[in-house]
Amino acid sequence: MKRILLCMAMTAMLLACTKDELNPDSKLLGMGGDTWERTELDDWLYHEFVVPYNMEIKYKWDPYEFDLEKNYVPVDETRVKELMTSLKKVWIEPYEKQAGTSFIKKIAPKRYVLVGSLQYNGTTATLGFAEGGNKITILDVNSFDLKDPTIVRRILKTAEHEFVHTLHQTVLYPTEWQTICRESYTGSYNSTPDSEFGPAGFVSKYARANPDEDFAETISHIVMNGRQWFENYMTSVGADGAAKLRAKENIIIAYFKTIWNIDFYETYDGAGDGLVEITQEAIARL
Amino acid sequence: MKKIQYHLLAVLLLLSAASCENEKYLFGEGPDERLSAILTEYQNTLCEAPHGWFIAVGTQDRGTAGGAYRFWAKFSPNNRITMYGDINTTTATTEKESSYRLKAMQLPTLMFDGYNYIHWPADPRPVITGATTGDGLLSDYDVNLVGDLQGDEFKATGRLHNCPFIFTKATAEEQQAVTNASGLTAIQSTVENFWNTLKYPTIDIDEFRLQLSIGKRLSAFNYIDDDGNVQTITIPSYPEFNRDIRLTEPFEYKNIWFDRIHWNGNGYEITTNNHTYPVYEFEVPFYPLEFGVGKMYNTLTIDKTALNTPAGNSMIDPFLSIYEAAEAGLHTSSTRDLDRLLIIFELSDQGIEQMRLRVMYHSGTTNYLGEGTFKLNRDNDGYIYFTDFAIASGTVGSNMNGTNTGPKMATNILSYLLHSGLSTVGASAIIIPPSENKFRIDWAPNNTPGLSGNLGGFYVVNNPASYIPGTLSN
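Calculation notes
- Residues numbered from 1 in each chain as written.
- Chains lettered and ligands numbered in written order.
- Predicted model: local features only at pLDDT ≥ 70, side-chain atom pairs only at ≥ 80, totals over all residues.
- Heavy atoms only, no water.
- Pairing = 2+ DSSP bridges.
- Helix = DSSP H or I, 4+ residues; strand = E, 2+ residues; numbered from the N terminus.
- Axes fitted to C-alpha atoms, helices over the stretch in contact; angles between N-to-C directions.
- Contact = heavy atoms within 4.5 Å.
- Domains from an automatic or database assignment.
- Buried area = accessible area lost by both parts, 1.4 Å probe.
- Salt bridge = Lys/Arg side-chain N within 4 Å of Asp/Glu carboxyl O.
- Polar contact = N/O pair within 3.5 Å; in protein donor to acceptor, adjacent residues only side chain to side chain.
- Nonpolar A, V, L, I, M, F, W, Y, C, P; charged D, E, K, R; others polar.
- Expected span 1.5 Å × (residues − 1).
- Bend = angle between axes of the 7 residues up to and from the residue.
- Buried < 20%, exposed > 50% of the residue type's maximum accessible area, 1.4 Å probe, protein only.

**So, the sheet that holds strand E6 (residues 135-138) of chain A**
All names here are of chain A.
Moving on, step 1. The mixed open sheet is built from four strands, whose spatial order is E1-E2-E6-E5. Whereas interior strands pair on both sides, the edge strands pair on one side only; in this sheet they are strand E1 (56-58) and strand E5 (128-131). With strand direction ignored, the average angle separating the axes of adjacent strands in the sheet is 15°.
Moving on, step 2. Strand direction decides the pairing type here: E5 and E6, joined by four bridges, are antiparallel. Across the sheet, the residue bridging to Phe 129 is Thr 137, located in E6.
Moving on, step 3. Seen against the sheet, helix H5 (residues 149-170) touches E5 and E6 and runs at an angle of roughly 20° to E5.

**Structural notes on the domain arrangement of chain B**
All names here are of chain B.
Moving on, step 1. Under the domain assignment used here, chain B contains domain 1 (31-181), domain 2 (185-281) and domain 3 (299-473).
Moving on, step 2. A separation of 25 Å is found between the C-alpha centroids of domain 1 and domain 2.
Moving on, step 3. On the side of domain 2, 17 residues touch domain 1, which itself brings 26 residues to the contact.
Moving on, step 4. The largest per-residue losses of area from domain 1 upon contact with domain 2 belong to Arg 62, Ala 68 and Arg 70, which jointly make up 34% of the total buried on that side.
Moving on, step 5. The interface formed by domain 1 and domain 2 includes four salt bridges.
Moving on, step 6. Across the pair Glu 153 and Arg 246 runs a salt bridge whose closest N-O atoms are separated by 2.8 Å.
Moving on, step 7. Taken together, domain 1 and domain 2 are joined by six residue pairs in polar contact (both at pLDDT 80 or more).
Moving on, step 8. Every element with two or more residues in the side of domain 1 that touches domain 2 is listed here: strand E1 (53-58), strand E2 (68-75), helix H3 (89-93), strand E8 (153-158), strand E9 (164-169) and helix H5 (172-181).
Moving on, step 9. The dominant element in the side of domain 1 that touches domain 2, judged by the number of residues it contributes, is H5, at four residues.
Moving on, step 10. In the side of domain 1 that touches domain 2, the residues fall into 12 nonpolar, eight polar and six charged.

**Considering the sheet that holds strand E11 (residues 208-214) of chain B**
Residue and element names in this part refer to chain B.
Moving on, step 1. Here we have nine strands laid out as an open sheet, ordered E17-E16-E15-E14-E13-E12-E11-E10-E18, and antiparallel in their pairing. The outermost strands of the open sheet, each flanked by one partner alone, are strand E17 (275-278) and strand E18 (280-281).
Moving on, step 2. Summarising the sheet, strand E14 (residues 245-253) and strand E15 (residues 256-263) pair through five bridges and their orientation is antiparallel. Its bridge partner lying in E15, Tyr 253 is registered against Ile 256.

**Considerations on helix H2 (residues 40-53) of chain A**
Residues and elements named next belong to chain A.
Moving on, step 1. For H2, with 14 residues, the first-to-last C-alpha span of 19 Å sits near the 20 Å given by 1.5 Å per residue.
Moving on, step 2. The axis of H2 is deflected most strongly, by about 40°, at Tyr 46.
Moving on, step 3. Here H2 has its buried residues at Leu 41, Asp 42, Trp 44, Leu 45, Phe 49 and Tyr 53.
Moving on, step 4. On the buried face of H2, the contacting elements are E1, helix H3 (80-99) and helix H4 (101-107).
Moving on, step 5. Following H2 by one or two positions, Asn 54 adopts a phi angle in the positive range, close to 55°.

**Some words on the pattern of salt bridges**
Moving on, step 1. Within the structure shown, the criterion is met by 47 salt bridges over all chains.
Moving on, step 2. Notably, a salt bridge pairs A:Glu131 with A:Lys135, separated by 3.8 Å at the nearest N-O pair.
Moving on, step 3. With relative accessibility at 39%, the residue A:Glu131 sits in the partly exposed group.
Moving on, step 4. A salt bridge links B:Glu240 to B:Arg246; the nearest nitrogen and oxygen atoms lie 3.9 Å apart.

Okay, here's the thing in structure tokens:
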């Protein structure tokens, strides 16, 4: 009897504390993201990107978006409107014209993170990232200046490049893409001589990193520099390089048409209705 | 007995049930509520300073551009901030607005989340600070806050590089000075100019002697440790508006501790252990000069324009005449104007210590640099003498060996340096007359008002009045 009582008492003591429950109304700090008083810029971004595209443009510094060991600086907010306007004209609108207004809404990543400086990795620097079709990071925003066409082109090309990653992360390019330059891909692309990549059939040194980067580099180079630039480039790299670049070009044209129903180039000379021509016109109007 | 046991059990049961009521949160409220409350409190503290805050950060880079950077900032409750900075006269006179927010990270953190002057030292772009690509000056702009931020000053630490931060409330006069009179850079100039007039400023703290070198962002302290070695401690520092020098981290050695060099109206002093010690001038540094490969200094820069000004001369006869003869020789031949000479101790390709003589001159807007080397010898007394002058290879060698350079210095500078043996210079092998000079290297007096830095001299052993003076560097 005594033992039973003792056991009952012990059980009761243990159970006594199990009644506590989490308060479902208690507010977790930082849940739902950081908040701050909205500015004119926040309103502008909301109307230009959130409402039409459901895109979040994160321009305020958040260290957890980046490599925690590296040095960056936040975005100078005076650059944001100019950059995002240019990005909309040069990247979003040409795709909308070619593939319809729902294309960007459906395919484009929903989160855009901006940061003021580049990411330096020893001998190389990162201009942008694309992650899992969900997020694109654009670096070096503080260098953006409409008066400097080289910088403008470089930063917009980065955005285009990262978006191409989203495209192939959604529907992969044909496997034959990987075979055209199979022997020339290398992880140590940065230490290869500048004279090599053209004749090997690449548009840049970075394109040699792997077939994905090659795909993003080739398309973003053509889109940002134009078809004529690509033709001139092919004549400058020798017959072997040109043949490989031509083969890549054909895959790109077919990929855009069959997968996304996009005319990469204009439908006839002077029509100006291809993605490349529309983009070129937008760049000229910046 | 049994009854007592039952009663005890009943009491225990009651106690254990009752105890649970109070165990919900150890500190009364949940961690999120407390965190939220402290963030609000911190934000209020920052916003409620009527004349804004001075924010000083000490970078981890303590080289040429590193040290303490100071900003004045006014926080608004709507997450906006306006700022001035002491980076240059533009940042000291142009207000810049951006944003900030308080965020719960591992610690409550003040984030300057939009680019402003405070980010400049941390900017990894080499064009901004001139520092190593990707590093910036190893500075911070996410600031961990702890404790209660009461009073007119609080300290904090950067999140990434652990940089020290000092937040100080500004007075109405200080705010006025910052916003109307580029106060942040003006005080730097005032204080820097004063320290530049002091020759080898030194403090004696009882038996402990300390030499100070105070710049606008860094303070360096030299002393001799217990083992007899010269130590240098460099601490980021900044001038306050009352002309005090404030160290972002304290100077600590044995029982000596201070974080401020106080301006008393006439000069500077420090207070440690309740005693005040004045800064006074020394003719030369009190500790021995270490000059050589791998030593504190290995380069002597002999620049007559810097050493000799209308206000005072640190290069004197007889060496002054020898230098001027070289100057005149170079000038008459082809209007080449001598800028400076450098004496550098280094290792040769074979790993042997040698002396490199660098001659820098210009003709019109074109600058030239000529070089030759001497064999560096030491006698039994430790005195140094130079032999075997040889022309360096490449363009710098040609610039030294050309008819208008080396040969014009053969009978003055080169001869003064060359101890013995046959050495020649120039295409026609002009013989350099050896002087038999041996040298003792020691500090040299600085008689030039406004000339900062340590001066060294190569003293001729047989005639100590004759010496080559120059600024020391490494």
